[in-house]
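# An overview of the molecular structure
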Amino acid sequence: MAQRLEKELVSDPSICNLLMRVGSDTFDVALYSVTGDNSLLYRSYPLADPSRGRVAVIEDTLYDNPLLLSDFRRTYCIVETPLSLTVPIEGAEPDWEEMRALFRATWPDTEGEIAVSRNGTANSAFVYDLPRDLTGFMRRTYPSGLTIESHLTALTRYFATRPGGGNSTRAVANLRPGSLDMIVLSGPRLRMANTFACPHITDALYYILAARKQLGLDAQTDAMLLAGNQGMREQLTPMLRKYIARVMPVIFPPQMFRAGKEALDAPFDMIVSPLCE
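These lines cover the structure that appears in this document, whether it is placed above or below.

Analysis parameters
- Residues numbered from 1 in each chain as written.
- Predicted model: local features only at pLDDT ≥ 70, side-chain atom pairs only at ≥ 80, totals over all residues.
- Heavy atoms only, no water.
- Pairing = 2+ DSSP bridges.
- Helix = DSSP H or I, 4+ residues; strand = E, 2+ residues; numbered from the N terminus.
- Axes fitted to C-alpha atoms, helices over the stretch in contact; angles between N-to-C directions.
- Contact = heavy atoms within 4.5 Å.
- Parallel < 35°, antiparallel > 145°, perpendicular 65-115°, else oblique.
- Left-handed = near helix turned anticlockwise from the far one by under 90°.
- Buried < 20%, exposed > 50% of the residue type's maximum accessible area, 1.4 Å probe, protein only.
- Salt bridge = Lys/Arg side-chain N within 4 Å of Asp/Glu carboxyl O.
- Phe/Tyr/Trp six-rings, centres within 6.5 Å; stacked < 30°, edge-to-face > 60°.

Read from one edge to the other, the open sheet built from five strands follows the order S11-S10-S9-S12-S13, with strand pairing classed as mixed. The open sheet has two free edges, formed respectively by strand S11 (189-198) and strand S13 (247-249), since each of these has just one partner strand. Going from strand to strand, the sheet's axes swing by 20° on average, the running direction of each strand aside. The sheet contact formed by strand S9 (residues 169-176) and strand S10 (residues 178-186) spans eight bridges and is antiparallel. Within S10, the residue paired with Ala 173 across the bridge is Met 182. Taken strand by strand, helix H5 (residues 201-215) contacts S9, S10, S11 and strand S12 (224-228), and its axis lies near 155° from that of S11. The sheet strands contacting helix H6 (residues 230-240) are S9, S10, S12 and S13, and the helix crosses S12 at an angle near 160°.

With that out of the way, let us pick up unusual backbone geometry. Unusually for a residue other than glycine, Asn 38 sits at a positive phi of about 55°. Relative to the assigned elements, Asn 38 resides in the loop between strand S2 (26-33) and strand S3 (41-46).

Let us look at the packing of H5 against H6. Contact pair H5 / H6: the axes reach a minimum separation of 10 Å and the direction vectors enclose 50°. Relative to H6, the element H5 lies oblique. Taken as a pair, H5 and H6 cross one another with a handedness that is right-handed. Residues Ile 201, Thr 202, Ala 204, Leu 205, Ile 208 and Leu 209 of H5 form the contact with H6, whose participating residues are Met 232, Gln 235, Leu 236, Met 239 and Leu 240.

Of all eight residues in S9, seven are buried, a share of seventy percent or more. A loop of one residue connects S9 with S10, the two strands running antiparallel in sequence.

Counted under the stated rule, the structure contains nine salt bridges. Arg 139 is the salt-bridge partner of Glu 113, the closest N and O atoms lying 2.9 Å from each other. One end of the pair, Glu 113, is in strand S6 (residues 113-118); the other, Arg 139, is in helix H3 (residues 132-141), with 26 residues separating them in the sequence. Arg 157 is the partner of Glu 149 in a salt bridge, and the nearest nitrogen-oxygen pair spans 2.9 Å. A residue is classified by how much of its surface remains accessible, and Arg 157, at 16% relative accessible area, is buried. A cluster of three or more residues bridged by salt bridges with shared partners is formed by Arg 21, Glu 80, Arg 176, Asp 181 and Asp 269.

Moving on to the side chain of Thr 81. Take Thr 81: it is sitting in the loop between strand S4 (74-79) and strand S5 (84-88). Among all residues touching Thr 81, those that are not within four sequence positions of it are Tyr 128, Asp 129, Leu 130, Ser 150 and His 151.

Before going further, it helps to spend a moment on the packing of helix H1 (residues 54-64) against H3. H3 packs onto H1 with a crossing angle of 20° between their chain directions and a minimal axis gap of 10 Å. Taken as axis vectors, H1 and H3 run roughly parallel relative to one another. Pair H1 / H3 crosses with right-handed handedness. Contacts from Val 55, Ile 58, Glu 59 and Leu 62 of H1 reach H3 at Asp 133, Leu 134, Phe 137, Met 138 and Thr 141.

The next subject is the packing of aromatic side chains. Counted by the stated rule, this structure contains seven aromatic pairs. For the pair Phe 159 and Phe 268, a centre-to-centre distance of 6.0 Å together with 20° between the ring planes defines the contact as stacked. Placement of Phe 159 in helix H4 (residues 151-160) and of Phe 268 in helix H8 (residues 268-271) is noted, with a sequence separation of 109 residues between them. Of the residues examined, Phe 159 reaches a relative accessible area of 7% and is grouped as buried. On the numbers, 4.5 Å between centres and 15° between planes, the contact of Phe 196 with Tyr 207 is stacked.

Attention now moves to the sheet that holds S3. A sheet is described by the order of its strands in space; here five strands give the open sequence S3-S2-S1-S4-S8, paired in mixed fashion. The two strands at the open ends of the sheet, each matched to only one other strand, are S3 and strand S8 (146-150). For this sheet, the mean angle separating the axes of adjacent strands, direction not counted, is 15°. Bridge count between S4 and S8: five bridges; the pairing is parallel. If you follow Thr 75 over to S8, its bridge partner there is Leu 146.

Here is the structure:
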């Protein structure tokens, strides 16, 4: 069982960021001081309780760990959203309500709060739905300095805003048990952003190769970057190198590594969420 997060563990939460990630079966949290190194604390809690709602389990987790209810500098909540629509934007300020209407037309049965997020690219934005009970609870619990967005938004914005990309093509797979996110950028423009269910590592291999083929990526010159779960990366790398010449790990953000080595164990999209303000 994870150590209880008591208020005494942090002397001044007002100089700390709180990061949260709501997945299908886990609730991940991390907090760290923005003024000092090696302060990061990371915990992962199960959400699998068929007799109770996900928000009720999250609420209990927060109240069981009093430190998480402190007044933080900023709070970031990443939500793994199964429904996400990539919409083109060019030039003038887009009509956000029109984008929400497009999402409703695509998924008319959705009952969630429809959100629109810029993702750091020059040509697209994301539209997705967030559970209303979750957003309501988070806004009541953290009334100021709260950002709630989808996992694809945080991930795409991070890679789209990294320096040094130029006009080259960057293909990134973010791995976690059971699924992967595939992001492909050409310079500042998004070509693909999607999440795939991957019960087995061979499923991840298939989706990566299929996506690259569909987009016409060159096996010799267009690198494949891997982020996320270390064990999955170690399994997948030699498999991909049979088909792709350049398969490399994503360089872990040095500022988050300085915050604490536990950051390496946390979900990558959650860890990079505060780096794209």
